[in-house]
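Here is how the chains run, residue by residue.
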Amino acid sequence: MIVDAHAHIEGLPGCSWLDPPELMVGLLDEAGIERAIVMTYVDAPGDFGAYDPIEYVAAACRKFPARLWGFARLDPGRGAAARELLARCVGELGFKGLKLHPFGYRLSPDGPETVELVRVAASYKAPVLLHCGDEDYTRPLELLRLAKACPEATLVFGHMGGYFHVRDAIAVARECPNVFLETSGMPYPERIAEAVKELGPERVIFASDGPGCDPRLEVLKVERAGLTGSALDRVLGENILELLEKLSPR
Amino acid sequence: MSAIDFHVHVGASLYGGGLGVAELLRRMERLEIERAVVIAPKPPGYCLEPENRRLRELAEARPDRFVAFCRVDPWQRERAVAEAASCLAGAGAMAGLFLHPWEEGFAANDPVVDPVVEVARRARKPVMIAGGHARVSLAPQVADLVGRFPDVTFVVTSGGQINISGVALGEARRLFLEHPNTVLETSGIYRLDFIEDMAGEIGASRIVFGSDAPRFDQELELRRVQWAHRSDEDREAFARGTARRLLGVDSSQ
């Protein structure tokens, strides 16, 4: 079973990336992927007029219950409102985790607002997907401080360091057992092989970052890493499923 | 579908590894790549002239499979101009000029670049430039350069943006929209839908497949254009048609 651990949908009027869930589900079909974790591009809570990004994701998951799970993409800078929204998402709406994109909201990843929000996620055993690329606030050595501040939280480094910081991401994951690396967008199959060799196949998670990044191409990238058998199965689906099984909404 | 790979580095690299001719040919056979544009990596000895000679001889020996571009370091000033002039003229002239602002350490729009581009302009040869690198070849910097040479065709690698957050996509889009003398090369590009969307905006005839092997995986990069959600005609242009036009290679050759 292939599970895409990082994909997007978006319905914000005027957004340059307007991606309905039907588009993502069609690409999952094309790639032979059974399920995807979806989130918006915008952070909630926010000032979006009548548009509610959390409800958009919840509605998509209701429409495609066998295909989509939701992550709440939140802005920790909203303080208690973000923490309460996460509690509602996981406790009432069936969301499976938290997505953070520190480059978007421009906060240090180990600042008090973020640490508090991540600790809420950890209290539910909900995984936290972090954008981990080449930009300020998101590089692996910056996220390392969050991993150490919240050792009880499960952190998934989306893009596993981007174009230029994969080796740092592998080093951070080696140092922090609560860190997993996620493969989307990063263009080097051999870096996936290197991560599996260094960390073991149970610490690497497949994702596409679709629909912008093509899920079929992203699956091929993992296959080009030379993984086979149980290691390939783990990366393509079993690892993220194991993390989601730990979820305990109160 | 066959293809032309517009961007391959052949030889040993200062940064480790490298791709040999025999291995490249094996990969081309397997992937049905009919031709490759071959370019020197930054060699362990830092000296580009012998590498250009080696690749010029390779293209002369195997014109059915290889086309060679000349790589120069503009910081070598008069020496770079002389090398470009030598490579781009005469019998067996190389097919274009290659510039790598990141590896050679110059800003794409630094005046030091102009004399070597002027050589390509006089020779009526395209210039390929490694795009998207922070501080040296971000899309606005490349736009500044290409705007100074509107009669030179510039092939901008990686779609002019190497950024996994998508924040560089807007400036890259403007580069190609505002400068019709640019061609978008696809290696390692963030978001396949950027290629798909740009095909709708600038036309498939200004998009060319390049793998930037061995830095990027040649098969993955080829599938990037072959699996694009565009028409068969557009995918053919990405994979081969645009390259043929740029290189002056017709379908019978």
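The rules behind the values
- Residues numbered from 1 in each chain as written.
- Chains lettered and ligands numbered in written order.
- Predicted model: local features only at pLDDT ≥ 70, side-chain atom pairs only at ≥ 80, totals over all residues.
- Heavy atoms only, no water.
- Helix = DSSP H or I, 4+ residues; strand = E, 2+ residues; numbered from the N terminus.
- Rg over C-alpha atoms; globule rule 2.2 N^0.38 Å.
- Buried < 20%, exposed > 50% of the residue type's maximum accessible area, 1.4 Å probe, protein only.
- Contact = heavy atoms within 4.5 Å.
- Areas by Shrake-Rupley, 256 points an atom, 1.4 Å probe, with all protein chains shown as cover.
- Axes fitted to C-alpha atoms, helices over the stretch in contact; angles between N-to-C directions.
- Parallel < 35°, antiparallel > 145°, perpendicular 65-115°, else oblique.
- Nonpolar A, V, L, I, M, F, W, Y, C, P; charged D, E, K, R; others polar.
- Pairing = 2+ DSSP bridges.
- Right-handed = clockwise from strand over helix to strand, strands pointing away.
- 1 Å grid on protein atoms, 1.4 Å probe; cavity = no way out; pocket = protein on both sides within 12 Å on 5 of 7 lines; lining within 4 Å.
- Points joined across faces, edges and corners; volume = space filled by probe spheres on them.
- Buried area = accessible area lost by both parts, 1.4 Å probe.
- Salt bridge = Lys/Arg side-chain N within 4 Å of Asp/Glu carboxyl O.

Caption draft 1: Seen up close, the overall build of chain B. Helices and strands together make up the secondary structure of chain B, namely ten helices and ten strands. In terms of C-alpha radius of gyration, chain B reaches 16 Å, essentially the compact-globule figure of 18 Å for 253 residues. By its C-alpha atoms, chain B is 45 × 40 × 35 Å across when sized along the principal axes. Looking at chain B as a whole, 62% of its 253 residues are labelled buried. Nonlocal contacts in chain B, meaning residues at least 24 apart in sequence, comprise 76% of its contacts between residues at least 6 apart. For chain B, the accessible area works out to roughly 9300 Å², and carbon and sulfur atoms hold 50% of it.

Caption draft 2: Up close: the packing of helix α2 (residues 48-61) of chain B against helix α3 (residues 78-88) of chain B. Residue and element names in this part refer to chain B. Contact geometry for α2 and α3: axes closest at 11 Å, N-to-C directions at 5 degrees. Here α2 is positioned roughly parallel relative to α3, judged by the angle of their axes. Between α2, through E49, N52 and R56, and α3, the contact on the second element is made entirely by R79, E83, S86 and C87. The residue inventory of the contact of α2 with α3, partitioned by class, reads one nonpolar, two polar and four charged.

Caption draft 3: Focus on the pairing of strand β6 (residues 96-99) of chain B. Residues and elements named next belong to chain B. Neither face of β6 is open: one carries G96 and F98, the other L97 and L99, and all of them are buried. Judged from the three bridges that link them, strand β5 (residues 66-71) and β6 form a sheet pairing that is parallel. In the strand pairing of β6, F69 is matched with G96. In this view, the connection linking β5 to its parallel neighbour β6 by way of α3 has right-handed handedness.

Caption draft 4: Quick look at the side chain of Q218 of chain B. Position of Q218 of chain B among the secondary structure elements: in helix α9 (residues 218-226). The exposure class of Q218 of chain B is buried, given its relative accessible area of 3%.

Caption draft 5: Molecular detail of the layout of surface pockets. Approximately 990 Å³ is the volume attributed to the largest pocket. Contributing to the lining of the largest pocket are 33 residues, with Y188, E190 and R191 of chain A together with P214 and R215 of chain B lying nearest its centre. Elements supplying a minimum of two residues to the lining of the largest pocket: α7 (166-175) and α8 (189-199) of chain A together with α1 (21-31), α4 (101-104) and α9 of chain B. Counting residues per element, the lining of the largest pocket draws most heavily on α1 of chain B, which supplies three residues. When the residues that make up the lining of the largest pocket are grouped by side-chain class, the tally is ten nonpolar, ten polar and 13 charged.

Caption draft 6: Spatial organisation of the side chain of E49 of chain B. Residues and elements named next belong to chain B. Within the fold, E49 resides in helix α2. Its relative accessible area of 13% is what places E49 among the buried residues. Setting aside chain neighbours within four positions, we find E49 in contact with Q76, R79 and E83.

Caption draft 7: Representation of empty space enclosed by the protein within the structure. In total, this model carries three cavities of 30 Å³ or more according to the counting rule given. Estimated volume of the largest cavity: approximately 80 Å³. When contributions to the lining of the largest cavity are tallied by element, the ones reaching two or more residues are α9 (215-224) of chain A together with α9 of chain B. By residue number, the principal contributor to the lining of the largest cavity is α9 of chain A, which donates three residues.

Caption draft 8: Structural context of the interface of chain A and chain B. Listed per partner, the contact involves 30 residues of chain A and 24 residues of chain B. Note on chain A versus chain B: buried area summed over both sides is about 2300 Å², and carbon and sulfur give 63% of it. Across the chain A-chain B interface, the total number found is two salt bridges. Among the secondary structure elements, those contributing two or more residues to the side of chain A that touches chain B are α1 (21-31), α8 and α9 of chain A. Take the side of chain A that touches chain B: its biggest share by element is five residues, from α9 of chain A. The residue makeup of the side of chain A that touches chain B, split by class, is 13 nonpolar, eight polar and nine charged.

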